[in-house]
Protein chains: 2
Amino acid sequence: MPDERPNAATRLPESSELTALFDRAENRHLYRLSYIANALVLPVYDGIKRDFGLSRGEYLLLFCLSHMPVLTARDVAEMTKRPRNSISRAVHRMLDEGYIDRVPDPEDGRQARLSITAKGRALHERIIGRFVDREDEIFGVLDDTEMTALDAILQKLARHVAASAA
Amino acid sequence: MPDERPNAATRLPESSELTALFDRAENRHLYRLSYIANALVLPVYDGIKRDFGLSRGEYLLLFCLSHMPVLTARDVAEMTKRPRNSISRAVHRMLDEGYIDRVPDPEDGRQARLSITAKGRALHERIIGRFVDREDEIFGVLDDTEMTALDAILQKLARHVAASAA
DNA sequence: CACATTTTGTTCCAAATGGAACTAATTGTC
DNA sequence: GACAATTAGTTCCATTTGGAACAAAATGTG
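As the structure is a prediction and not an experimental result, all values here were calculated from the model.

Colleague: Go over the protein's contact with DNA strand D, please, and point to the residues and values.
Modeller: Residues in contact with DNA strand D amount to 18 residues; listed here are only the nearest, N85 and G109 of chain A together with R74, S88 and R102 of chain B. The protein-proximal atoms of DNA strand D, defined as those within 4 Å of the protein, are 56% sugar or phosphate. Here N85 of chain A contributes a side-chain N or O atom positioned 2.3 Å from a base oxygen of DNA strand D. For DNA strand D, a phosphate oxygen lies 3.0 Å from a polar atom in the side chain of H92 of chain B. For the surface near DNA strand D, the secondary-structure elements that each account for two or more residues are α6 (84-97) of chain A together with α5 (73-80) and α6 (84-97) of chain B. In terms of residues, the surface near DNA strand D owes the most to one element, α6 of chain B, which gives four residues. Considered class by class, the residues forming the surface near DNA strand D number three nonpolar, eight polar and seven charged.

Structure below.
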């Protein structure tokens, strides 16, 4: 008969044993992936908020616009999987700060064309390095073969996920 | 001389072109990873909230306790990278619902030993399948070789990230 | 062309969030 | 053993968040 009150008897795990979850979970690939992604980006976002006053959503808007010449708010919502009202707020905030520009679409009165300003681009230049550094720091543990394999796999997964969400 | 107002002239991207970010970003590995993780789990969390009334933090607490016999709130905070007060709230909520159990640690009056109840385990059984399904759905696009490689790489990365965060 | 439907973006508001200050307990230091 | 320093957990509170309802514009349908 199993112990009815394991709580009282079982030893608490050491801090180093907490990673056991990586191997025990039924959905361990998904869990690992999610854990890694979080652990990778959260500290960077914390730094961005502290040093530049940008929330995660605001930075993502800047990031999207720094790689695509013109986007609508809807595009950004789709790319970042965030609700539209959050994007709307971020857009207004970034407009006020002069990081982005907005022009009503002459062909569709509902939507507006968003683009990054020189000031916004300058800010993005200052920030992106942090992500690259973090990326190098973590992915540096992989050898060339692993990195090549991972690159191909992530590319495949990303396209598959993007396609299956649409 | 480049166009001073690309916003006015440039064509808006088709929806299918929004994935161009995957290839353009300086930090594209990190970006892809983060995108995939988000796209994988967000719909599942939405469903859990809708159908079971659990927030992401509450579910993560249940998840952690369903794989580790006893944990402290601090352990859960470390495993999930969430602030301690959020964990504290989740603990009280889940206690009220009878999903988890809490016993003061006899050896350290500051901390409490958390464990899952039978009711909590039953709930977790109902939920975990959704993650497994989602995992199969997305990772199913990979062939055996790729899946094996990804598994090894994620394992390596997860341990490295966990170690470098401590 | 009238009118229902869809789509973009905004506003409203209740709920979630997380930083900071706090209490209680433990550990370290002299 | 006194007292500073640390740690686990909670509470407070201002800010953030996101679902739902909404207005305005566009599209579809008869």
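Colleague: With reference to specific residues and values, describe the relation of the copies chain A and chain B.
Modeller: When chain A is fitted to chain B, the best match, at an RMSD of 0.1 Å, comes from turning it 180° and sliding it 0.0 Å along the axis. Those values place the two copies in the arrangement expected of a two-fold rotation axis.

Colleague: Could you give an account of the packing of helix α3 (residues 28-52) of chain A against helix α7 (residues 118-139) of chain B, with specific residues and numbers?
Modeller: Put simply, α3 of chain A and α7 of chain B touch, their axes get as near as 8 Å, and they point 85° apart. Relative to α7 of chain B, the element α3 of chain A lies roughly perpendicular. Residues R28, H29, L30 and L33 of chain A of α3 of chain A pack against F131, E135 and F139 of chain B of α7 of chain B.

Colleague: Help me get a handle on the interface of chain A and chain B, residues and values and all.
Modeller: Taken residue by residue, the interface counts 83 residues in chain A and 83 residues in chain B. Where chain A touches chain B, the interface holds eight salt bridges. Residues D151 of chain B and R32 of chain A are paired through a salt bridge, measuring 3.2 Å at the closest nitrogen-oxygen approach. Linking chain A to chain B there are 22 residue pairs in polar contact (both at pLDDT 80 or more). By residue number, the principal contributor to the side of chain A that touches chain B is helix α8 (residues 144-165) of chain A, which donates 16 residues. A per-class count over the side of chain A that touches chain B returns 45 nonpolar, 16 polar and 22 charged.

Colleague: A description of the side chain of R134 of chain A should follow, citing residues and the corresponding values.
Modeller: By secondary structure assignment, the location of R134 of chain A is in helix α7 (residues 118-139). Residues within four places of R134 of chain A in sequence aside, it is in contact with A39, L40, P43 and V44 of chain A together with S164 of chain B.

Colleague: Explain unusual backbone geometry to me, and be specific about the residues and the numbers.
Modeller: One can expect most non-glycine residues to show negative phi and most peptide bonds to be in trans. Residues and elements named next belong to chain A. One non-glycine residue, K81, lies in positive phi territory at about 60°. With respect to the secondary-structure elements, K81 resides in the loop between α5 (73-80) and α6. Residue class for K81 comes out partly exposed when judged on its relative accessible area of 27%.

Colleague: Give me the environment of H29 of chain A: which residues, what numbers.
Modeller: Within the secondary structure, H29 of chain A is located in helix α3. Look at H29 of chain A and you get buried, because its relative accessible area is 13%. Not counting residues within four places of it along the chain, the set of residues in contact with H29 of chain A comprises E135, F139, M147, D151 and L154 of chain B.

Colleague: Outline the packing of helix α4 (residues 56-67) of chain B against α5 of chain B, listing residues and values.
Modeller: Residues and elements named next belong to chain B. At a closest axis distance of 10 Å, the pairing of α4 and α5 adopts a crossing angle of 105°. Comparing their axes, α5 and α4 come out roughly perpendicular. Of α5, the residues touching α4 (which contributes L60, L61 and C64) are V76, M79 and T80. When the residues that make up the contact of α4 with α5 are grouped by side-chain class, the tally is five nonpolar, one polar and no charged.

Colleague: Break down the environment of A149 of chain B for me, citing the residues and quoting the values.
Modeller: Residue and element names in this part refer to chain B. With respect to the secondary-structure elements, A149 resides in helix α8 (residues 144-165). A149 sits in the partly exposed class, given a relative accessible area of 26%. With 104 residues separating them in the primary sequence, A149 and Y45 have C-alpha atoms 27 Å apart.

Colleague: Break down the protein's contact with DNA strand C for me, citing the residues and quoting the values.
Modeller: Contacts to DNA strand C come from 18 residues, most closely from R74, S88 and R102 of chain A together with N85 and G109 of chain B. Looking at DNA strand C alone, sugar and phosphate atoms form 56% of those within 4 Å of the protein. Within the side chain of R84 of chain A, a nitrogen or oxygen atom sits 2.9 Å from a base nitrogen of DNA strand C. A distance of 2.7 Å is found between a phosphate oxygen of DNA strand C and a side-chain nitrogen or oxygen belonging to R102 of chain A. Put simply, the parts of the chain that give the surface near DNA strand C at least two residues each are α5 and α6 of chain A together with α6 of chain B. Tallying contributions element by element places α6 of chain A first for the surface near DNA strand C, with four residues.

Reading the values: rules and limits
- Residues numbered from 1 in each chain as written.
- Chains lettered and ligands numbered in written order.
- Predicted model: local features only at pLDDT ≥ 70, side-chain atom pairs only at ≥ 80, totals over all residues.
- Heavy atoms only, no water.
- Near = heavy atom within 4 Å.
- Polar contact = N/O pair within 3.5 Å; in protein donor to acceptor, adjacent residues only side chain to side chain.
- Helix = DSSP H or I, 4+ residues; strand = E, 2+ residues; numbered from the N terminus.
- Nonpolar A, V, L, I, M, F, W, Y, C, P; charged D, E, K, R; others polar.
- Least-squares fit on C-alpha atoms with pLDDT ≥ 70 in both.
- Axes fitted to C-alpha atoms, helices over the stretch in contact; angles between N-to-C directions.
- Parallel < 35°, antiparallel > 145°, perpendicular 65-115°, else oblique.
- Contact = heavy atoms within 4.5 Å.
- Salt bridge = Lys/Arg side-chain N within 4 Å of Asp/Glu carboxyl O.
- Buried < 20%, exposed > 50% of the residue type's maximum accessible area, 1.4 Å probe, protein only.

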